[in-house]
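Chain by chain, the residues run as shown.
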Amino acid sequence: MSEAATRTLTTPPGLLASLDPLLREWLPRQRWFAGKGRPVTGFSLVAATELLPADARLGLYHLVVRAHQQLAPVPGAPERPGDCYQLLIGVREALPPRLAPALVGHVTQGPLAGRTVYDALYDTRPAEILLEALRTRARVGGLRFDRAPDQEIRDGLVPRLMTAEQSNSSVVYGDTFILKLLRRIVPGVNPDLELPLALAREGCPRVPAPTAWMTTELSGEPWVLGVLQPYVQGAADGWELALRELAKGEDFTAEARALGRATAEVHTALARALPTVTLGHGPLAQLVAGMTERLEEAVHAVPALLPYASGLRSAYTALGDLAAEGRTWTAQRVHGDLHLGQCLRSPSGQWSLIDFEGEPARPMAERRLPQPPVRDIAGMLRSFDYAAHSADPPAPGWAAACRAAYCTGYAEVSGTDPRTDPVLLRAYETDKAVYEVVYEARHRPDWLPVPMSAVRRLAAPDSA
Ligand SMILES: Nc1ncnc2c1ncn2[C@@H]1O[C@H](COP(=O)(O)OP(=O)(O)O)[C@@H](O)[C@H]1O
Ligand SMILES: O=P(O)(O)O[C@H]1O[C@H](CO)[C@@H](O[C@H]2O[C@H](CO)[C@@H](O)[C@H](O)[C@H]2O)[C@H](O)[C@H]1O
């Protein structure tokens, strides 16, 4: 591992050098590793902070590493410095059986030869150390832990790592708080903290308000590393609930309508809290160009899209034509990756929206741009379709009823029914379905038929 770019280095260099071969094996296998499909050629260390020294029974290091990857999975392909990842690495003589799933590897060289390194988020003491740092607003090396002025964190909360399929890693503390540790990290303001804080200032009850957060500063820029929020106890997510009702052949329209209302409440609060802009011909042309470019990239990555490409493209050109005729749209900050799995229903039936990070694969600057709120609506409409098409047999009528109820709920609160703008809606649904095709091809190939069935429908000229 190259240490040339090291900023804060309080760890033994021998440990870092010996981690390189272990990380090459371990990191690409993690669910949250974003660079799947491109060989990792090595790592450089961006920052390292010792939380507990390695000569103790338990050593603990916070690392920011940059993964260097080849651009294509072929021998000799050019490589580029890739994404940065946040790791919490524990060092022990041996792992107790309960930590077996956390194993990164056994160190074979350097001063720590013979010791075992592991993903310390699985372990109680390291997780407690993070919460304690947030509680006490600690500064450790370059790591900064902050807590909202009006929020308290009591001690003694027992941590457990969530095992859900995630883009990041979350630890639940005593069913009271949940800490999301971002895995692939980027410089600058992160909407996963920015938007919930803005919504909390607006008094919007649909989003858990951040209690505390963890940041660092690298090369003069802030980086968000984690966010602690109240844990919604006993909550079920919209995806689980929808599948449960589908399996029983039950109607889900009352919940879909409530979700439409919740989405509109969040959009209204975001439009009050942060700037809105009017999109005229120029910005719309850019937006359409972005959708078209994403489609071209997707066709390249997933050739099964090719037969539908021209039909899909027509959804974007129809939008471009409307803009050329002088139509304008209002854009505002949005959730950016809204789907049923991002909606939590409390036991009392209240819906909350979570995970404002946006689509993990998009550049951060793009994720923070104001966009037509229909972007999120399209995400939810796709999600009802996902649920209906992952049922056996598929239930397109169920999806249609939920989609209609969701739009009705949205219109009740916002005063705008998304169905009155079908060209915009079709363009955004198409963009989302194309994103999903690439996402599934990369992460869950078995799921590919679900967005592909939507692609077939959206590519048909009468689908608007
Ligand atoms: N405030 C919360 N209360 C209860 N559960 C939560 C809360 N926030 C997140 N979760 C659970 O954690 C999971 C992952 O959270 P999310 O923010 O979507 O992370 P990721 O970006 O890694 O996908 C969610 O699907 C949900 O089950
Ligand atoms: O929740 P994440 O931010 O990690 O979002 C990513 O993963 C989602 C899947 O876990 C993916 O969502 C797609 O599958 C869902 C069912 O599992 C479905 O409800 C969504 O509509 C569909 O888009 C999401 O796209 C991706 O960004």
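How each quantity is defined
- Residues numbered from 1 in each chain as written.
- Chains lettered and ligands numbered in written order.
- Predicted model: local features only at pLDDT ≥ 70, side-chain atom pairs only at ≥ 80, totals over all residues.
- Heavy atoms only, no water.
- UniProt positions renumbered as here; feature names shortened; annotations may be inferred.
- Near = heavy atom within 4 Å.
- Polar contact = N/O pair within 3.5 Å; in protein donor to acceptor, adjacent residues only side chain to side chain.
- Areas by Shrake-Rupley, 256 points an atom, 1.4 Å probe, with all protein chains shown as cover.
- Helix = DSSP H or I, 4+ residues; strand = E, 2+ residues; numbered from the N terminus.
- Nonpolar A, V, L, I, M, F, W, Y, C, P; charged D, E, K, R; others polar.
- Domains from an automatic or database assignment.
- Buried < 20%, exposed > 50% of the residue type's maximum accessible area, 1.4 Å probe, protein only.
- Contact = heavy atoms within 4.5 Å.
- Salt bridge = Lys/Arg side-chain N within 4 Å of Asp/Glu carboxyl O.
- Phe/Tyr/Trp six-rings, centres within 6.5 Å; stacked < 30°, edge-to-face > 60°.
- Expected span 1.5 Å × (residues − 1).

An unreviewed UniProt entry lists the protein chain under the name Maltokinase, with Streptomyces fumanus given as the organism. Its UniProt record gives the protein chain a comment under Sequence similarities (unreviewed entry), which states: "Belongs to the aminoglycoside phosphotransferase family." Per UniProt, the comment on the protein chain under Subunit (unreviewed entry) is "Monomer."

**Student:** Describe the site of ligand 1, naming the residues involved and giving the relevant values.
**Tutor:** Surrounding ligand 1, one finds 17 residues, the nearest of these being Gln166, Asn168, Lys180, Val232 and Asp355. Lys180 places a side-chain nitrogen or oxygen 2.9 Å from an oxygen atom of ligand 1. The protein chains hide 87% of the 550 Å² of surface that ligand 1 would expose on its own. Taken together, the elements giving at least two residues each to the shell around ligand 1 come down to β10 (177-181) and β13 (221-230). When the residues that make up the shell around ligand 1 are grouped by side-chain class, the tally is 8 nonpolar, 6 polar and 3 charged. Taken together, domain 2 (140-230) and domain 3 (236-459) each give at least three residues to the shell around ligand 1, which thus spans both.

**Student:** A description of the side chain of Gln332 should follow, citing residues and the corresponding values.
**Tutor:** Relative to the assigned elements, Gln332 resides in the loop between β16 (329-331) and β17 (343-345). What makes Gln332 buried here is its relative accessible area of 8%. In terms of polar contacts, Gln332 uses its side chain to reach the backbone carbonyl oxygen of His267, at 3.0 Å. Apart from the residues within four sequence positions on either side, Gln332 is in contact with His267, Leu270, Ala271, Pro275, Thr276, Leu369, Pro370, Gln371 and Pro373.

**Student:** Describe the pattern of salt bridges, listing the residues and the values that go with them.
**Tutor:** Scanning the entire structure with this criterion turns up 40 salt bridges. In this structure, Asp355 and Lys180 form a salt bridge, with 2.9 Å as the shortest nitrogen-oxygen distance. Taken as a pair, Asp355 in the loop between β18 (351-353) and α8 (364-367) and Lys180 in strand β10 lie far apart in primary sequence, 175 residues in all. On the basis of relative accessibility, which here comes to 15%, the residue Lys180 falls in the buried class. When the shortest N-O distance is used, the salt bridge between Glu436 and Arg382 registers 2.9 Å.

**Student:** Describe the packing of aromatic side chains, and please don't skip the residues or the numbers.
**Tutor:** Following the criterion strictly, the structure yields 9 aromatic pairs and no others. Feature note: the residues Trp26, Trp32, Phe33 and Tyr85 constitute an aromatic cluster, connected by ring pairs.

**Student:** With reference to specific residues and values, describe helix α11 (residues 422-443).
**Tutor:** For α11, which comprises 22 residues, the first-to-last C-alpha distance of 31 Å matches the rise-based estimate of 32 Å (1.5 Å per residue) to within 8%. Among the 22 residues of α11, 17 are classified as buried, and the element is accordingly described as predominantly covered.

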